[in-house]
Amino acid sequence: MQGDKKILYSAVQPTNNLTIGNYIGAVKNFVALQDEYSCVYAIANMHAITVRQTPADLRKNTLSLLALYLACGVDPQKCVLYLQSHVPAHAELAWVLNTFTYVGEMERMTQFKDKSAKHADNINMGLMDYPVLMAADILLYQTDVVPVGVDQRQHLEITRDIAVRFNNVYSPTFTVPEGIYMKVGAKIGDLLEPSKKMSKSSENQNGVVYLSDDRDTIMRKFKRAVTDSEACVRYDPENKPGVSNLLSIYSVFTGTSMEDCQKQFEGRGYGDFKLAVGEAVADRLAPIQAEQARLLADKAYLDSVLKDGAARASAMAGRTLSKVYKKIGFYQL
Ligand code: ATP
Ligand code: LTN
């Protein structure tokens, strides 16, 4: 708790361009939650290097993600918005938490298995340790809630396990965090393979809608989206993954309930439906893209946001880290 508000923490990696999956599953919720909670939002560049990055791109993607957070409406006055590598406590706590985490647990993580298969030439220790660094992120801020897509559920569970384990060995030190998963849009599917998560690192870009895509590209991608042969716009993720995925996207981008969305498309063909979804997405993204471009031209402002964020985050994280160091027996000066 901070004052009378619960503490909320989340982060996004500055890798590649963000997709509408990231927007729906993460950034859009960050904005919606910033009044109700005391929010801390990070740009997880230390997580990003678990997969090889080109330095110039990583630098560029960092500012681009910061500008995107701001363009979507994350308010640096209300929230702590910072770059993970600016707060050394993350690496420091991760080291301690490593000694409370078992190798077998990390080997069983779905994301580790997926990414190991995908980057078979670079299965580095960082890739395996990714969830422990994420636990450090969350636990440093005495976080109450963590909004993420369902793909992160396993990482959140291990964070809770690590926190409880540490608290039991010593005395209550970490708040045990809860995940918040949105009902609609917690997992947006790829437009061409709807049962697969839409991912910014996907090979086939035609199934992935990037926040930076222009209107023509967006329309082209939605026109090609996979549906089914039933010709009925109905929400049924099990039997109609393609159509249901499009309905989720439409519902979130227009702010219409799933029920009303289905009514709206009753008796209409898939061609019509796909155009409407594409238009809703393009209409919503246009002003965000314009604002992001404006902010990216003002590097002094972006730097000032990061500087202020780093100072505020360091103060919060430092308090938890010194508590931990004391409990585990690190000699204090
Ligand atoms: P990568 O493909 O490089 O692993 P990613 O697209 O999963 O990356 P992250 O930076 O790992 O992106 O995730 C940022 C946030 O976006 C997380 O909260 C994650 O749960 C959410 N997210 C990512 N993809 C989707 C999706 N398809 N649907 C809903 N939420 C998503
Ligand atoms: N692994 C996360 C990004 C992330 C994160 C966090 C999310 C890093 N640290 C802490 C929530 C809380 C992902 O979304 N892929």
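Structure: above.
To continue, consider the site of ligand 1. Around ligand 1 there are 21 residues in total, and G149, D151, I188, K197 and S199 lie nearest to it. In this structure, G21 approaches ligand 1 through a main-chain N or O atom, which is 3.2 Å from a nitrogen atom. At 2.8 Å, a side-chain N or O of K200 approaches an oxygen atom of ligand 1. For ligand 1, the accessible surface in isolation is 600 Å², of which the surrounding protein chains cover 95%. When residues of the shell around ligand 1 are assigned to their parent elements, the largest contribution, four residues, is made by helix α1 (residues 20–33). Residue composition of the shell around ligand 1, grouped by class: six nonpolar, 10 polar and five charged.

Turning our attention to the packing of aromatic side chains. To describe a pair of aromatic rings, you give the distance between the ring centres and the angle between the ring planes. Per the stated rule, a full pass over the model turns up 13 aromatic pairs. Between Y41 and Y69, the aromatic rings sit 6.4 Å apart at their centres with planes inclined by 20 degrees, giving stacked as the arrangement. Of the two residues, Y41 is situated in strand β2 (residues 38–43) and Y69 in helix α3 (residues 55–72); the sequence distance between them amounts to 28 residues. Note on Y69: relative accessible area 0%, which makes it buried. Summarising the aromatic geometry, the rings of Y82 and Y141 are spaced 5.9 Å apart at their centres and angled 40 degrees between planes, so their arrangement reads as tilted. Of this pair, Y82 sits in strand β3 (residues 80–83) while Y141 sits in the loop between α7 (125–140) and β4 (145–147); the two residues are 59 residues apart in sequence, bridging distant segments of the chain.

Of all residues adjacent to ligand 2, which total 13 residues, the nearest are H47, Y130, M134, D137 and Q152. Elements supplying a minimum of two residues to the shell around ligand 2: β1 (7–12) and α7. Ranked by the residues each element gives to the shell around ligand 2, the list is headed by α7, at four residues. Of the residues in the shell around ligand 2, the class split is eight nonpolar, four polar and one charged.

Turning our attention to the pairing of β2. The buried fraction of β2 is high, at six of six residues. With six bridges joining them, β1 and β2 adopt parallel strand pairing. What sits directly across from V12, in β2, is I43. Regarding topology, α1 serves as the crossover connection from β1 to the parallel β2, and that connection is right-handed. For β2 and β3, the ladder comprises four bridges, and the chain directions are parallel.

Take the pattern of salt bridges next. Tallied over the full model, the rule gives 16 salt bridges. Of the charged contacts in the structure, one is a salt bridge between K263 and D260, with a shortest N-O distance of 4.0 Å. Separated by three residues within a single helix, K263 and D260 lie in helix α11 (residues 258–264), roughly one turn from each other. The exposure class of D260 is partly exposed, given its relative accessible area of 37%. When salt bridges that share partners are traced, they join D228, E230, R234, D236 and K240 into one network.

Criteria and thresholds
- Residues numbered from 1 in each chain as written.
- Chains lettered and ligands numbered in written order.
- Predicted model: local features only at pLDDT ≥ 70, side-chain atom pairs only at ≥ 80, totals over all residues.
- Heavy atoms only, no water.
- Near = heavy atom within 4 Å.
- Polar contact = N/O pair within 3.5 Å; in protein donor to acceptor, adjacent residues only side chain to side chain.
- Areas by Shrake-Rupley, 256 points an atom, 1.4 Å probe, with all protein chains shown as cover.
- Helix = DSSP H or I, 4+ residues; strand = E, 2+ residues; numbered from the N terminus.
- Nonpolar A, V, L, I, M, F, W, Y, C, P; charged D, E, K, R; others polar.
- Phe/Tyr/Trp six-rings, centres within 6.5 Å; stacked < 30°, edge-to-face > 60°.
- Buried < 20%, exposed > 50% of the residue type's maximum accessible area, 1.4 Å probe, protein only.
- Pairing = 2+ DSSP bridges.
- Right-handed = clockwise from strand over helix to strand, strands pointing away.
- Salt bridge = Lys/Arg side-chain N within 4 Å of Asp/Glu carboxyl O.

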